[in-house]
Amino acid sequence: TATKITLPMEQMFDMEAESDEQKEITQRPKGDNKIQYLLTCIGFAVGLGNVWRFPYLCQTYGGGAFLIPYVIALVFEGLPLLHMELAIGQRLRMGSVGVWSSISPYQGGVGVASMLVSFLVGLFYNMILAWILWYFFHSFQSPLPWRDCPINISVNYFWYRETLNMTPNIETSGSLQWWLVLCLASAWCIVYICFIRGIETVGKAIYATATFPYLVLTIFLITALTLPGASDGLIYLFTLNWETLKNPKVWLDAATQIFFSLSLAFGGLIAFSSYNPQKNNCERDALIVGCVNSFTSIYASIPIFVILGFKANENNNNCQNWNILTLTNAFNIGVGNITLENYGEWLNYLNKTDPSEVESLNLKACNLQTFLEEVASGTGLAFILFTEAVIEMPASQVWAVLFFVMLFCLSLSSMFGNLEGVLTPLLDLHIVPPWIPKEAFTGLICLISFAVALIFTLGSGNYWLEIFNSYVGSVPLLIIAFFEIIAVAYVYGINRFNDDIEWMTGRRPNIYWQATWRFISPFMLLVVFVAYVVIEAEKQPTYNAWNPDYVHYPLADVLHYPEWVFAICVLLSILPVVAIPLVAFYKFMSSRALEYAGCLCCLPACSAFLALSYNGALEHPDVIKPFKLLQFEFQLSGKTSIPM
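If you're wondering where the values come from, they're calculated on a predicted model, not measured in any experiment. (Residues numbered from 1 in each chain as written. Predicted model: local features only at pLDDT ≥ 70, side-chain atom pairs only at ≥ 80, totals over all residues. Heavy atoms only, no water.)

Visitor: Summarise the overall build of the protein; cite the residues concerned and give the values.
Guide: From N to C terminus, the protein includes 26 helices and two strands. Here the protein, with 644 residues, has 53% of them falling under the buried criterion. Counting only contacts in the protein whose residues sit at least 6 apart along the sequence, the fraction spanning at least 24 positions is 81%. On the protein, roughly 28400 Å² of surface is accessible, and the fraction owed to carbon and sulfur atoms is 64%. (Helix = DSSP H or I, 4+ residues; strand = E, 2+ residues; numbered from the N terminus. Buried < 20%, exposed > 50% of the residue type's maximum accessible area, 1.4 Å probe, protein only. Contact = heavy atoms within 4.5 Å. Areas by Shrake-Rupley, 256 points an atom, 1.4 Å probe, with all protein chains shown as cover.)

Visitor: For the nonpolar core, give the residues involved together with the corresponding values.
Guide: Core analysis: the largest hydrophobic core is formed by 169 residues, its most contacted members being Trp100, Phe259, Leu407 and Phe497. Considering every element that reaches this core, the biggest residue donor is helix α6 (residues 108-138), with 18 residues. When residues no more than four places from it in sequence are discounted, the contact partners of phenylalanine 259 are Glu77, Leu81, Leu264, Ala265, Leu477, Leu478, Ala481 and Leu525. Of all hydrophobic cores here, the second largest spans nine residues; its members include Ile333, Ile338, Leu347 and Leu350. (Core = buried A, V, L, I, M, F, W, Y, C linked by side-chain atoms within 4.5 Å.)

Visitor: Explain the packing of helix α13 (residues 282-331) against helix α14 (residues 343-353) to me, and be specific about the residues and the numbers.
Guide: One can describe the packing of α13 onto α14 by two numbers: an axis separation of 11 Å at closest approach and a directional angle of 45°. Here α13 is positioned oblique relative to α14, judged by the angle of their axes. Note on packing geometry: the crossing formed by α13 with α14 is left-handed. Mapping the contact onto sequence places Gln320, Asn323, Ile324, Leu327 and Phe331 in α13 and Tyr343, Leu347 and Leu350 in α14. (Axes fitted to C-alpha atoms, helices over the stretch in contact; angles between N-to-C directions. Parallel < 35°, antiparallel > 145°, perpendicular 65-115°, else oblique. Left-handed = near helix turned anticlockwise from the far one by under 90°.)

Visitor: Please set out helix α20 (residues 461-471) residue by residue, giving values where relevant.
Guide: Most of α20 sits inside the fold, with eight of its eleven residues counted as buried. For α20, the full list of buried residues reads Gly461, Asn462, Tyr463, Trp464, Leu465, Ile467, Phe468 and Tyr471.

Visitor: Please provide a residue-by-residue account of α14, values included.
Guide: Inspection of α14 places Tyr343, Leu347 and Leu350 among the buried residues, and these make up the whole buried set. The arc that holds the buried residues of α14, viewed along the axis, is 70°, so those residues lie on one side. Facing away from the buried side of α14, by more than 90 degrees, are the exposed residues Glu345 and Lys352. Check the buried side of α14 and you find it contacts α13 and α15 (355-360). (Arc of directions from axis to C-beta.)

Visitor: Can you explain the state of the cysteines? Please cite residues and give values.
Guide: Using the criterion set out here, one finds one disulfide in the structure. The disulfide that involves cysteine 319 links it to cysteine 366, with 1.9 Å between the sulfurs. Between cysteine 319 and cysteine 366, the S-S torsion sits near -85°, and that sign places the bridge as left-handed. A residue pair is termed long-range when its members are at least 10 positions apart, and cysteine 319 in helix α13 and cysteine 366 in the loop between α15 and α16 (368-373) qualify at 47 residues. Judged by its relative accessible area of 21%, cysteine 366 is partly exposed. (Disulfide = S-S within 2.5 Å.)

Visitor: Mind laying out the confidence of the model for the protein, listing which residues take part and the relevant values?
Guide: Across the protein, pLDDT averages 80, with 81% of residues at or above 70. Note that residues 1-26 has pLDDT below 50 and, in this model, 17 contacts with residues that lie over four places away or in other chains. Low pLDDT (under 50) marks residues 605-644, which in the prediction has 63 contacts with non-local residues, meaning those over four places away or in another chain. (pLDDT = per-residue confidence, 0-100.)

Visitor: Which residues make up a nonpolar patch on the surface, and what are the values?
Guide: Together, Phe566, Val570, Leu571, Ile574, Leu575, Val578 and Leu582 give the surface a local cluster of nonpolar side chains, amounting to about 580 Å² of exposed area. Counting residues per element, the nonpolar patch draws most heavily on helix α23 (residues 563-574), which supplies four residues. (Patch = residues over 30% accessible without salt bridge, like charges linked within 9 Å, V, L, I, M, F, W, Y side chains within 5 Å. Salt bridge = Lys/Arg side-chain N within 4 Å of Asp/Glu carboxyl O.)

Visitor: Quick rundown of the pairing of strand β1 (residues 542-545)? Include the residues and the values.
Guide: Here β1 shows one buried face, formed by Tyr543 and Ala545, and one open face, formed by Thr542 and Asn544. Inspection of the sheet shows β1 paired to strand β2 (residues 557-560) by four bridges, in the antiparallel sense. Across the sheet, residue alanine 545 finds its bridge partner in β2, namely aspartate 557. (Pairing = 2+ DSSP bridges.)

Visitor: Go over the side chain of histidine 83, please, and point to the residues and values.
Guide: Residue position: histidine 83 is located in helix α4 (residues 67-92). What histidine 83 contacts, discounting residues up to four positions off in sequence, is Cys282, Glu283, Ala286, Ile501, Trp513 and Trp517.

Visitor: Could you give an account of unusual backbone geometry, with specific residues and numbers?
Guide: For the bond from serine 142 to proline 143, the omega torsion is -5°, close enough to zero to count as cis. By the element assignment, proline 143 lies in the loop between α6 and α7 (154-163). Positive phi, normally seen in glycine, also occurs at serine 263, with a value near 60°. Its place among the elements puts serine 263 in the loop between α11 (248-261) and α12 (268-273).

Visitor: So, the packing of aromatic side chains: which residues are in play, and what are the values?
Guide: Aromatic ring pairs: the centre-centre distance and the angle between the two ring planes describe each pair. This model, assessed by the stated rule, comprises 36 aromatic pairs. With centroids separated by 5.1 Å and ring planes inclined at 45°, the aromatic side chains of tyrosine 135 and phenylalanine 383 adopt a geometry described as tilted. Residue tyrosine 135 is located in helix α6, and its partner phenylalanine 383 is located in helix α17 (residues 379-390); the two are separated by 248 residues in the primary sequence. The pair tyrosine 135 / phenylalanine 383 is uniform in exposure class, with both members buried. Grouping aromatic residues by their ring pairs yields a cluster made of Trp131, Tyr135, Trp146, Phe158, Trp159, Tyr160, Phe220, Phe383, Trp399, Phe403, Phe404 and Trp546. Taking the ring centre of tryptophan 322 as reference, the NZ or CZ of lysine 364 above it sits at 4.9 Å. (Phe/Tyr/Trp six-rings, centres within 6.5 Å; stacked < 30°, edge-to-face > 60°. Lys NZ or Arg CZ within 6 Å of the ring centre and 35° of its normal.)

Below you can see the structure in the form of structure tokens.
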């Protein structure tokens, strides 16, 4: 007769959990090759922020001087956090929620916070993709529709009136703009089609979306260098203004820029690295992705500042030509005697001979440096500055199409990461019933996102997008990253983490990684967070309104946020990170309940009931209840259920 071997229940559970973990590793989808994975991470990290926010900060803080704190932030904050996220995702092979729950049940809220940030950022990021589609469709017209508009600021008019149809303030909501609704629906359909099969489909699309922007930037650079005034833009970019380094806000913006530029704390990088084989050199991956990202920021700034120099020269020449015409008419000087070359000499001469008459003419102040400093930031850099430069180029339709295809690729590759940061944790937690196909669940997430993002298609939509961009992508990411690095270094254990990296890469992390993970990076994150809160608390938040009735129109009307809008701003900053203490509190209360249930199971009668119930012979509610709780705990942490 066969002998029945009975194992202790704890050993059965351990064997089952180990088997399930191996099954998860075997069945987890993966990319086709290493190049595809690196392109996916680079595409996620390199986005629109490299094209508009980095050049804007360089211009704001004196060009080349900004590069010094930027590089320091990259070395001591960006690269260590990037390496940590890639390594921990690759080792544990889970999404953000599963990773941090595995390290400690009390850290599960960190993954939930990352997931919420990815969801909220994806909402407004895809709205930018919708704007890009709108401009792309219009780029085939001849002439370009933003060349000739009812007023002299044609590019601004097409952006603010024809595209956004903006209301004069955020309190006036306006109606849904049907053309933007259609573009937004198209954008989400494109994202869904590219993402329908998860990492397998994303890998195929990333070859184009991650590499094409570099081709377009190179073409733009070569062409822009031939424009008049290009050298002025380059000189302005690389001029060092050492006085700006005394401003603490320069260091704050440099730290936050490298942080946001690398897409840290979104959960997307953890999700992508979880599809890697565990024997992979994640340290090399982090260095490649981080350095390529920073190189892209600088490389993208060169054509932008070249175009800025061209536009500044053109605006300065137009300003001087207006003054020349005014002086010619006022002093009856022969046409053509005053030129751009001798304008300064004539102005000095007339100021000496008849200063009162010159003063009465109210001539414009024409200064090239001033025009160089008047660069648009944020969305305006892409949809105003570049489009204004494109209409001055030969074959402008071709340049417009290339430019907006480039922006489309940058946005789409970043959206892959945002959506992956939402879907992977939900799928790893087994929240989705197995009978729902992954394609259907992905479509449901896209549909919900589209419905919520309709707020950005209102007449006040651009104001709300700026709020999401400013408040969702700032404080929450700093807090999440701080808890991430504390969890790895002091909860998971830095020595254990070093052992994992040595097992995966074949060598132990050097002193640079040790010092940054243990001390430097947490300290920098804490300082940046405190400095950000202090600086923001000292000022009342304002926003730029496009109001045709403003006395200084077409300049922006700077308004203060209403109290109810400011309350929403605070809510957006708090909403994602509030999951961190809530989940920790829930885990604490659940553990207390499990301890109480464990005490009950120590009774002899309970043990008898337990043995019978485990073999399916008895279903006693007083015995089954604690194991139901334990089963629920396992499901929350991504484990399979405990057999009853």
